[in-house]
Structures are given as C-alpha cells and as structure tokens.
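# Summary of the model geometry
Residues per chain are reported as follows:
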Amino acid sequence: MSSWKLSIGTAGAIGIRKLKTDALPTTAYIMLGEKCTRNCAFCAQAHTSTAAAKFLSRVAWQDTSEDVSIEHLVKAYKLGKIKRACLQVVNRPDSLETVKTAVQDLVAAGLPVVVSGYITSVKEAKGLFDLGVDRIGLAMDVATPDLFAEIKGGSWQKRWELLCSCAVAFPGKMTTHLIVGLGETEAEMWNIIKECYARDITVGLFAFTPLPGTAMADRPQPKIGSYRRLQIAFGLLKRAFSPDVVVCSGGEIVSFKVKNIGEVLADGDAFRTSGCHQCNRPFYNERPGQILYNYPRALSPEELRQAFVESEVVTW
Ligand code: SF4
C-alpha cells in the first residue's frame, strides 16, 4: 500500500492525531503526490516553489499509509464525522494511475469521492466517473485568460472549454475553484462565477493566500470588502436572484438591487465555505484568530453583522 498525505485537520477529524481547533473538516482532504509538473505562481507544490513539500495552500499534510488512512476514514464516515473524501491530485506523469488506484480503494470502502485535479479530456473524466467517483473538480483558479497565462501558464480558454464540455457530459457533477485576489477585478470574478453557475458548475471560492517560497509570496491577500461583496453576489445567485441585481461600476460591485439583504441572507451561508456539499476547508485561507474569508462553520450573530459591515455596501 502506498503513502497518502492527509491534511492535518483531516488527520484530526478521523482520529489519527490529536488536534485542538475551532472547526474540523467535514470533508477528508487527501493529497496524492508532491512537487507538481506545473508551475502555478501561487502554489506551494509548483515545481519552482521552495515551500516545504508538506504544504498545499497554508495547510500542512502528514504522511499516512493508505491502509491506515482508509481504516480511519471508514470509521469516521460511519460516525458521520466526515461526509466524503476529496483527492487533491498533484500533477505528475503517473498521477492518473495513482488517482485511479486511490479511487478504487475508497469507493470499495464505501466512501463518496471527489477528485480535484488536472484532467485533460472528457474521456479521462468519464474514466473516473466509471470508477465510481461522485464529482470531479477542475480548477480554473484564475478569472481571466491574460492572468491565467501569467500565473498558471497555458490556455485559459482550453481549460474553460474542457470544464464546460465536462459540465455538459456530466450535468451537476463538476466543480471548479476560483481564487479571488490574483489581479482580477471584482467584476471579472463575478462574471466567471455567473458563467459557472449558469452551467451548473459548482464554485469553490478561495481567497489568495501568499505562501513563503512561492513566486507570489509578497502579494497581499484580497481586501475583505471585495471578498464579502463577491460572497453576497454569489449568495444571491444561489437564492435564485437574477445576476442583474448585482451592480458593477469601475470594475467593482457597488450595490445590490435587493431589499433587506440582511434578511435574505440571514442564515449566513453566503459567508461560509463554498464548493462541493459539506466541503468546509477550515483555515485554508486564513490563520485561526484572523478574519475568516470562508467560515468553516455557522456564523455567530456578531460575525454575521460584521460580515455585512465588511462588505461596505450593505448596512446592518
Ligand atoms: S470544493 Fe472542496 S470537496 Fe470540492 S473539489 Fe474543491 S476542495 Fe474538493
């Protein structure tokens, strides 16, 4: 059996290590492989990154044998502590074979599985669905073609076309990741969120997080106001409001044509981690004790009030 990397939170959630935390993950995150063949400027696993190989985003991962991982994952799943497993696949020449083996073993153990990684064709996606994968994540990460070429390298358009083709072939089964704060405007990010939503592509929204050892280590995180406005816009979309209620000017979201937004979004879901069902990614983008871009749990009434205030366009 091979060795997997479990996020520290996952290792805590499934009982492999003791962990004191505000929020445990509700999805088990498993990284397969290390040191990517690609070179995304924000990523700790990029091949020119000098960050320690145990990091992905700001989360550390621990080596654990596959059989021990599966034994604990199954127990935790039966107890309702985790709802699914997400394989975060680092691009390597053998990554498709590695992921297939892991999928087969997890599916055989009865766990719902998401694969988040780089597939190159609808055929490859079909191969994974045929093995029993529940969902596939194909990350756009970057909102615009120019920034994609600069930050990730390669063609935004090609990846977008592949994501859209997969969304047609496997309706409601595709997820993408979008990272706020890579140089795009709010309006550009809002545009791709809308385009994904229109195609039933689930969006996991991330806040850019500078990591030591990466090419973007010196860039700041996005302004919290900008992130909150995008969360509110996305939250309204999920509540079946027309995208037209979001008013942009000068590249920013400046207002919402909705009365009583505080009541419409009073459950706080708009500010919680978005993405596949039950994916809460605790502290992927933030340190405990700092402002939470994505709340991995329900918000307190004060946190909800604060989130609206931070948006700078919704009064509370
Ligand atoms: S949204 Fe969460 S569960 Fe879905 S692919 Fe992304 S990290 Fe995995």
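Check the entry above for the structure.
To start, this report covers the structure provided alongside it. Chains are numbered independently. Their residues run from 1 in the order of the written sequence. Reporting of local features is limited, given that this is a predicted model, to residues whose pLDDT is at least 70; pairs of side-chain atoms are given and counted only at 80 or more, and all residues count toward the totals for whole chains, interfaces and linings.

### A short note on the packing of helix α7 (residues 186-198) against helix α8 (residues 224-238)
The following threshold applies: Axes here mean lines fitted to C-alpha atoms, for a helix over just the part in contact, with angles spanning 0 to 180 degrees between N-to-C directions. Helix and strand assignments come from DSSP, with helices taken as H or I runs of at least 4 residues and strands as E runs of at least 2, each series counted from the N terminus. Angle categories are assigned with fixed cut-offs, so that under 35 degrees is roughly parallel, over 145 is roughly antiparallel, 65 to 115 is roughly perpendicular, and the rest are oblique. Left-handed is the label given to a crossing in which the near helix is rotated counterclockwise from the far helix by less than a right angle, and right-handed is the label when the rotation is clockwise. Residue pairs qualify as contacts under a 7 Å threshold applied to their C-beta atoms, which are placed from the backbone.
Where α7 meets α8, the closest approach of the two axes is 11 Å, and the angle between their N-to-C directions is 25°. In this view, α7 runs roughly parallel relative to α8, as classed from their interaxial angle. For the pair α7 and α8, the crossing hand works out as right-handed. Across the interface between the two elements, Glu186, Met189, Trp190, Ile193, Lys194 and Tyr197 from α7 touch Ser226, Arg229, Leu230, Ala233, Phe234 and Leu237 from α8.

### So, the pairing of strand β8 (residues 174-180)
On a regular strand, each side chain points to the face opposite its neighbour's, so the side chains alternate between the two faces of the sheet. This is how the line gets drawn: To assign burial, the other C-beta atoms lying within 10 Å of each residue's own C-beta are counted, with C-beta atoms placed from the backbone; 20 or more indicates buried, 12 or fewer indicates exposed, and intermediate counts indicate partly exposed. For two strands to be treated as a pair, DSSP must find no fewer than two bridges joining them. The definition of a right-handed crossover adopted here requires that, viewed with the strands pointing away, the path from the first strand over the helix to the second runs clockwise.
Within β8, six of the seven residues are buried, which leaves it mostly tucked inside the rest of the structure. Relative to β8, strand β7 (residues 135-137) runs parallel, the two being bridged by two bridges. Residue pairing for β8: Ile136 is matched across the bridge by Met174. Where β8 and strand β9 (residues 202-207) come together, six bridges link them in parallel fashion. Bridging from a neighbouring strand, Thr176 pairs with Val203 of β9. Taken together, β8, α7 and β9 form a β-α-β motif whose crossover is right-handed.

### Some details on the site of the ligand
Short version of the rule: Near, for a residue, is defined by distance from a backbone-placed C-beta atom to a molecule or strand, with 6 Å as the limit that must not be exceeded. Polarity classes work like this: nonpolar for Ala, Val, Leu, Ile, Met, Phe, Trp, Tyr, Cys and Pro, charged for Asp, Glu, Lys and Arg, and polar for all others, with Gly in that last group.
Around the ligand, the surrounding shell consists of Thr27, Cys86, Val114, Ser116, Gly137, Thr175, His177, Gly204, Gly275, Cys276, Cys279 and Arg281. For the shell around the ligand, a count of residues per class yields four nonpolar, seven polar and one charged.

### Notes on the sheet that holds β9
The sheet built from nine strands is open, its strands ordered β3-β4-β1-β2-β5-β6-β7-β8-β9 with mixed pairing. Whereas interior strands pair on both sides, the edge strands pair on one side only; in this sheet they are β3 (55-56) and β9. The pairing of strand β6 (residues 113-116) with β7 spans three bridges and is parallel. If you follow Val115 over to β7, its bridge partner there is Ile136.

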